[in-house]
Structures are given as structure tokens and as C-alpha cells.
Amino acid sequence: KERLSYEEFREWLQVHPDATSLSRWLLSEPCTVTLSNELETPTFYQTLAGVTHCKYVEEMDIIELEKRYWQLKGQSRTGKLDLDTLVPLISPPVPLSICAGVFAAFDENRDSHIDFKEMACGISAACRGPLTERQKCTGKTAEDREIEEIEVRLSVG
């Protein structure tokens, strides 16, 4: 028989734990490394809430944001939270002229879509952060818009 099923291989390996150095290391030698207690390991949401830019939202807020994020992605033609998906959600009240800047402020890695971390951290800074954080976000949006206007003028002129 040339091939073994997973179960057959597992049974054979348990009978022959010294077959390879890797199996010996994993199955035979005393393990000095211990995993942390699961109770001490933070959840994904707790970890994200602890990220510098997301520190103004709580774990439960992030759970609710994730639900909304997947809904928004599902409504997108591209399956991503891109500018075309975001504009109808924020304008009005956000003027159309600065929607691209708002999008750019959230899209930190400039890959033309907002991933979940970018959304959570952007909302945290823009809506829940102290005044200085919110002003930074507003300034970043205005700065991006001004840069885009200069780029357009240079490409046209």
C-alpha cells in the first residue's frame, strides 16, 4: 500500500515515536515549553481593543463593528469596503468633496479598501478618541484632500 490515511499514519507514529528527529522531539522528549493558560490569553477582540489606534473602543463595540463590517462588505459590488461602498454611507452629511479624504484616512495601507482593523481603529480615533485624536483625523482627511487636488492640478496642467 503506497498511501496511508491520516488515522493509519497517526497510529503508526504513536507506535514508533522515534522514527524521525521531529517525531521524537514532538512525541518523546519531555516538553519544557508550556502554553499560556487559555484564561490568560486575550481574545481577538480584546487584542484589537488594546491596539494603540483602537484603544477608545471596548471589546463589545468591536464585536458589533465586526458584524456591521461584514454586512457592508456583503453589500459591496466588489466584496470589499471600498470608496464606492463608503460614499453612500457617509454622504450626506459628509460633503462629497471630502469623501475620498475620509476614505484615505481610514485606508492606512493604501490598498484601496478598508479592512476590519482599519475600520475599527479609524472609528475609534475619529469618533471616540480625545479631541486631539479627532482633530488629527480631521486634519489627515483635509491634508489628503489637498494633496489629491494638487495632484489633479499637476496632471491636468
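The text that follows walks through the structure, step by step, so that each part is easy to find. (Residues numbered from 1 in each chain as written. Predicted model: local features only at pLDDT ≥ 70, side-chain atom pairs only at ≥ 80, totals over all residues. Heavy atoms only, no water.)

The end-to-end C-alpha distance of helix H4 (residues 59-75) is 25 Å, a good match for the 24 Å that 17 residues give at a rise of 1.5 Å each. Taken as a whole, H4 has its buried residues at Ile-62, Leu-65, Glu-66, Tyr-69 and Leu-72. The buried side chains of H4 occupy one side of the element, clustering within an arc of 130 degrees when seen end-on. The exposed residues of H4 that point more than 90 degrees off its buried face are Met-60, Gly-74 and Gln-75. (Helix = DSSP H or I, 4+ residues; strand = E, 2+ residues; numbered from the N terminus. Expected span 1.5 Å × (residues − 1). Buried < 20%, exposed > 50% of the residue type's maximum accessible area, 1.4 Å probe, protein only. Arc of directions from axis to C-beta.)

Moving on: the packing of aromatic side chains. Scanning the entire structure with this criterion turns up three aromatic pairs. Consider the rings of Phe-9 and Trp-12, whose centres lie 6.3 Å apart with planes at 25 degrees: the pair is stacked. Within this pair, Phe-9 and its partner Trp-12 are both found in helix H1 (residues 6-15), separated by three residues, close to a single helical turn. With relative accessibility at 39%, the residue Phe-9 sits in the partly exposed group. Each ring, one from Tyr-69 and one from Trp-70, has its centre 5.6 Å from the other, and the planes form 80 degrees; the classification is edge-to-face. (Phe/Tyr/Trp six-rings, centres within 6.5 Å; stacked < 30°, edge-to-face > 60°.)

Right, let's talk about the nonpolar core for a bit. Formed by 17 residues in total, the largest nonpolar core has its most connected members in Leu-81, Ile-114 and Met-119. Ignoring sequence-local partners within four residues, the contact set of Leu-81 consists of Tyr-69, Leu-72, Lys-73, Phe-103, His-113, Ile-114 and Met-119. (Core = buried A, V, L, I, M, F, W, Y, C linked by side-chain atoms within 4.5 Å. Contact = heavy atoms within 4.5 Å.)

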